[in-house]
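Listed below are the residues making up each chain.
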Amino acid sequence: MLIQLENITKNYQVGTVTVTALQGIRMDIDHNEYVAIMGPSGSGKSTLMNILGCLDTPSSGSYLLNNNRISDLDDDRLAEIRNREIGFVFQTFNLLPRANALQNVELPLIYRGLPAAKRRTQARDALASVGLADRMDHKPNELSGGQRQRVAIARALVNNPSIILADEPTGNLDSRTGDEIMEIFEGLHEAGNTIILVTHEEYIAEHTDRIVRLRDGLIERDEAANGGH
Amino acid sequence: MKIVIAIWEGMKIAFDALRSYKMRSTLTTLGIIIGVTTVITIVALIQGLNKAFTNQISSLGSDTLYIAKFPWMMEGNSFWVYRNRRNITVKEAEKLADLSTLAQAVAPTLYTNRPIKFQENQLEGAIIVGTTEQYLITAGFVPEYGRFLTANDVSHNRPVVVLGSEIAEKLFPNSDPLGKRITLGGHKFRVIGVREKRGTFFGNNLDAYAYIPIGAFQSRFGAQFRSVEIAVKVKSPELLDEAELELTGLMRRIRGLSGDKENDFAVNKQVALQDTYQRLTGVLWAVAIGVGAISLLVGGIGIMNILLVSVTERTREIGVRKAVGARRGDILLQFLIESVMICALGVTIGVVLAIGLAKVISVTTPLPASIQLWVVFLGLGFVFAIGLFFGIYPASKAARLNPIEALRYE
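The shown structure was predicted, so the numbers you read here are calculated from the model rather than taken from an experiment. (Residues numbered from 1 in each chain as written. Chains lettered and ligands numbered in written order. Predicted model: local features only at pLDDT ≥ 70, side-chain atom pairs only at ≥ 80, totals over all residues. Heavy atoms only, no water.)

Assigned secondary structure in chain A consists of seven helices and 10 strands. The C-alpha radius of gyration computed for chain A amounts to 17 Å, which stays within 12% of the reference 17 Å derived for 229 residues, consistent with globular compactness. In chain A, buried positions account for 54% of the 229 residues. Within chain A, counting contacts between residues at least 6 apart in sequence, those at least 24 apart form 67% of the total. Looking at chain A as shown, the accessible area adds up to about 9700 Å², and 43% of this sits on carbon and sulfur atoms. Side-chain charges of chain A comprise 23 positive and 32 negative groups, with the mean position of each set lying 7 Å from the other. (Helix = DSSP H or I, 4+ residues; strand = E, 2+ residues; numbered from the N terminus. Rg over C-alpha atoms; globule rule 2.2 N^0.38 Å. Buried < 20%, exposed > 50% of the residue type's maximum accessible area, 1.4 Å probe, protein only. Contact = heavy atoms within 4.5 Å. Areas by Shrake-Rupley, 256 points an atom, 1.4 Å probe, with all protein chains shown as cover. Lys, Arg positive; Asp, Glu negative; His and termini not counted. Charge placed at Lys NZ, Arg CZ, Asp CG, Glu CD.)

Quick look at the structure:
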């Protein structure tokens with residue numbers, strides 16, 4: 001099993017009030033699954049995504065990723081896990097504005113400590129795989145929204161992570177470009193990648209194989225997607 | 001290997017950031033530039049002065065004592081005390097020479113200022129020195145041509161003169177001065193030698209001197225109201241302190257001073273000048289360090305301030321870097337390198353300006369200034385010290401950012 005969540009809770013201290021974002025999540029995700037996490041705002045889906053992406057640690061419960069216990073690692077170990085195991089795709093792309101596409105894709109490899117020549121080849125390959133072989137030296141502001149998101153996907157792929165974690169990846173795109181992005185995810189899934197998608201749009205979730213619906217910090221339903229394949 | 005890559009990447013990122021904010025980066029370095037320029041220029045000035053001073057006072061001879069009515073260094077109104085002292089006489093100098101066991105040579109000297117003439121050529125402001133053949137040793141006299149005064153010249157009070165090189169050049173631009181009769185303050189003297197060129201000593205032209213036998217001096221220009229300065233060359237430099245004691249004792253005996261009386265003469269030496277000089281430059285050093293420290297502090301705070309702004313502006317970038325695997329140390333290093341690079345820019349500009357300034361100073365003013373290599377290394381030290389010290393707070397602030405909040409930052 002790739003991901004095993006056992007009774008995950010998360011509390012935030014807001015002033016003197018404790019807010020419970022997750023009240024006990026139990027969920028397994030296997031290799032090469034394609035999962036959508038859905039829920040209204042405030043349902044805890046962002047918190048869950050942060051925990052899955054090792055940006056945050058749960059208040060209690062256990063998170064096993066590739067049978068490694070993540071739940072109580074320190075910041076630097078988490079950074080290494082994020083570097084090797086997780087590829088993030090954000091709604092707002094989050095590319096570095098002053099770096100070109102190739103440099104953006106190289107970024108995770110820098111923190112992995114790879115020498116420049118090796119980084120370049122790997123980043124080129126990743127960009128080529130999302131169809132941007134001819135846009136490598138363009139800066140983000142010289143690219144369309146769809147192209148930017150493809151750069152971000154290439155960056156997520158470049159380290160061969162265990163999970164690709166996409167947070168509303170089509171949220172800032174028109175529907176046609178959104179569809180293109182979803183096609184890329186489908187291709188990645190078919191190539192054997194594990195993809196977790198956070199979204200609040202049904203038709204996006206329909207692209208996946210499995211939909212996990214959250215409400216008030218709990219899993220409301222966990223079901224196979226009917227529209228998918 | 002990993003750390004090398006990390007530093008290299010950090011340098012590229014920092015360079016990129018500095019380039020995108022050229023104006024801001026340059027303004028930030030102003031404080032550092034001013035600090036470094038000030039410190040290096042003042043240090044260069046002090047170094048130049050030191051060199052000039054050492055050159056100059058070496059003409060006094062480190063193994064020569066000068067017994068005189070006035071000390072070289074006087075404090076406050078003490079001039080009036082010294083003025084009332086008895087004049088030192090040639091007789092006393094002769095007795096001193098007889099009695100001293102540590103003196104290699106003893107030369108009494110008298111000075112006066114008279115015009116010098118040869119035919120149409122006249123020279124004002126030349127200094128006439130009356131002395132003995134011993135002066136050859138005490139002053140390290142080297143003749144350019146001709147000869148110095150001999151014991152015979154002195155004992156017979158012969159009207160002969162040895163010229164400083166500048167006097168010789170001005171009076172005899174196209175002819176050989178040897179054997180010519182010139183007029184010193186209205187009295188005829190025959191030129192027997194010319195001294196080699198010596199340059200200036202604190203603005204005094206050392207080549208505008210003319211040397212005559214001391215007896216001839218006294219008979220032409222007066223013996224009364226003049227106090228003799230006795231130059232004593234010690235047999236070897238290490239005997240200097242001992243000789244000072246001996247000469248002081250002998251002078252007291254010669255002058256009949258009882259035990260309760262204070263010395264009514266001064267024993268001057270080069271070392272004392274050096275001490276005074278060092279006290280003076282000590283003040284300069286303090287000014288240099290003070291001004292430098294303040295402007296470097298201000299510059300450092302400027303850097304810290306701009307880095308804090310930069311961290312805030314780049315919060316999202318930091319979030320992205322952390323999300324894709326940057327550890328705290330990576331972010332810390334990145335901002336420290338940026339800080340050191342701003343500093344390096346400032347110090348480089350500062351050093352270049354200082355070198356230029358030193359050149360300008362030494363060309364346009366009589367002040368010498370010399371920049372030495374260690375100053376540049378000192379600058380390098382500043383780069384790291386200031387960069388790291390003032391960079392550490394903003395850098396650790398960046399490193400501690402929570403990636404989730406940083407990614408959400410607008």
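Turning our eyes to something else, we now look at the interface of chain A and chain B. When the parts of a complex come together, some accessible area is lost, and that lost area is often taken as the interface size. Residue-level contacts link 26 residues of chain A with 26 residues of chain B. A buried area of about 2300 Å², summed over both sides, lies between chain A and chain B, and 55% of it is on carbon and sulfur atoms. Put simply, chain A and chain B have four salt bridges between them. The closest approach of N and O atoms between Arg327(B) and Glu80(A), which form a salt bridge, is 3.6 Å. Applying the counting criterion to the chain A and chain B interface returns 10 residue pairs in polar contact (both at pLDDT 80 or more). (Buried area = accessible area lost by both parts, 1.4 Å probe. Salt bridge = Lys/Arg side-chain N within 4 Å of Asp/Glu carboxyl O. Polar contact = N/O pair within 3.5 Å; in protein donor to acceptor, adjacent residues only side chain to side chain.)

Turning next to the pattern of salt bridges. By the definition in use, this model includes 35 salt bridges over all chains. Arg210(A) is the partner of Glu33(A) in a salt bridge, and the nearest nitrogen-oxygen pair spans 3.0 Å. Linking Glu33(A) in the loop between strand S2 (17-29) and strand S3 (34-38) with Arg210(A) in strand S9 (residues 210-215), this pair joins segments that are 177 residues apart in sequence. With respect to class, Glu33(A) is no different from Arg210(A); both count as buried. Residues Glu244(B) and Lys269(B) are paired through a salt bridge, measuring 2.6 Å at the closest nitrogen-oxygen approach. Taken together, the positions of Glu244(B) in helix H9 (residues 240-254) and Lys269(B) in strand S12 (residues 266-269) put the pair 25 residues apart, joining distant regions of the chain. Overlapping salt bridges, with partners in common, bring together Arg98(A), Arg314(B), Glu317(B), Arg321(B) and Glu338(B) in one network.

In this section: the packing of helix H10 (residues 270-313) of chain B against helix H13 (residues 373-399) of chain B. All names here are of chain B. Direction vectors running N to C along H10 and H13 enclose 35 degrees, while the axes themselves pass 9 Å from each other. Like other packed secondary-structure pairs, H10 and H13 cross with a definite hand, here right-handed. Of H13, the residues touching H10 (which contributes Trp285, Leu296, Leu297, Gly300, Ile301, Met304, Leu307, Leu308 and Val311) are Trp374, Phe382, Ile386, Phe390, Gly391, Tyr393, Pro394, Lys397 and Ala398. The class makeup of the residues in the contact of H10 with H13 is 15 nonpolar, two polar and one charged. (Axes fitted to C-alpha atoms, helices over the stretch in contact; angles between N-to-C directions. Left-handed = near helix turned anticlockwise from the far one by under 90°. Nonpolar A, V, L, I, M, F, W, Y, C, P; charged D, E, K, R; others polar.)

This part covers unusual backbone geometry. Residue and element names in this part refer to chain A. Positive phi is not limited to glycine here, since asparagine 160 has a value of about 50 degrees. Mapping asparagine 160 onto the fold places it in the loop between helix H5 (145-157) and strand S7 (163-167). Although it is not a glycine, glutamate 168 adopts a positive phi angle of roughly 45 degrees. In this structure, glutamate 168 sits in the loop between S7 and helix H6 (175-190). For glutamate 168, a relative accessible area of 9% translates into the label buried.

Moving on: the side chain of Asp207(B). On the secondary structure map, Asp207(B) appears in the loop between strand S9 (204-205) and strand S10 (209-213). Those residues in contact with Asp207(B), other than ones at most four positions away along the chain, are Gly164(B), Ser165(B), Glu166(B), Ile167(B), Glu196(B), Lys197(B), Arg198(B) and Gly199(B).

Scored by pLDDT, chain B comes out at a mean of 87, with 98% of its residues at no less than 70. Taken together, the chains of this predicted complex give a pTM of 0.72 and an interface ipTM of 0.93. (pLDDT = per-residue confidence, 0-100.)

Attention now moves to the sheet that holds S2(A). Residues and elements named next belong to chain A. The strand order across the open sheet formed by four strands is S2-S1-S4-S5, and the pairing between neighbours is antiparallel. The two strands at the open ends of the sheet, each matched to only one other strand, are S2 and strand S5 (68-69). With 10 bridges connecting them, strand S1 (residues 3-14) and S2 associate as antiparallel partners. For valine 14, the partnering residue across the bridge sits in S2 and is valine 17. (Pairing = 2+ DSSP bridges.)

On to the pairing of S3(A). Residues and elements named next belong to chain A. Burial within S3 is extensive, with five of its five residues counted as buried. Residues Tyr34, Ala36 and Met38 of S3 are buried on one face, and the alternating residues Val35 and Ile37, pointing to the opposite face, are buried as well. The pairing of S3 with strand S8 (residues 194-198) spans four bridges and is classified as parallel. Opposite tyrosine 34, over in S8, you have isoleucine 195 as the bridge partner. One ladder, built from four bridges, connects S3 with S9; its direction is parallel. Opposite valine 35, over in S9, you have arginine 210 as the bridge partner.

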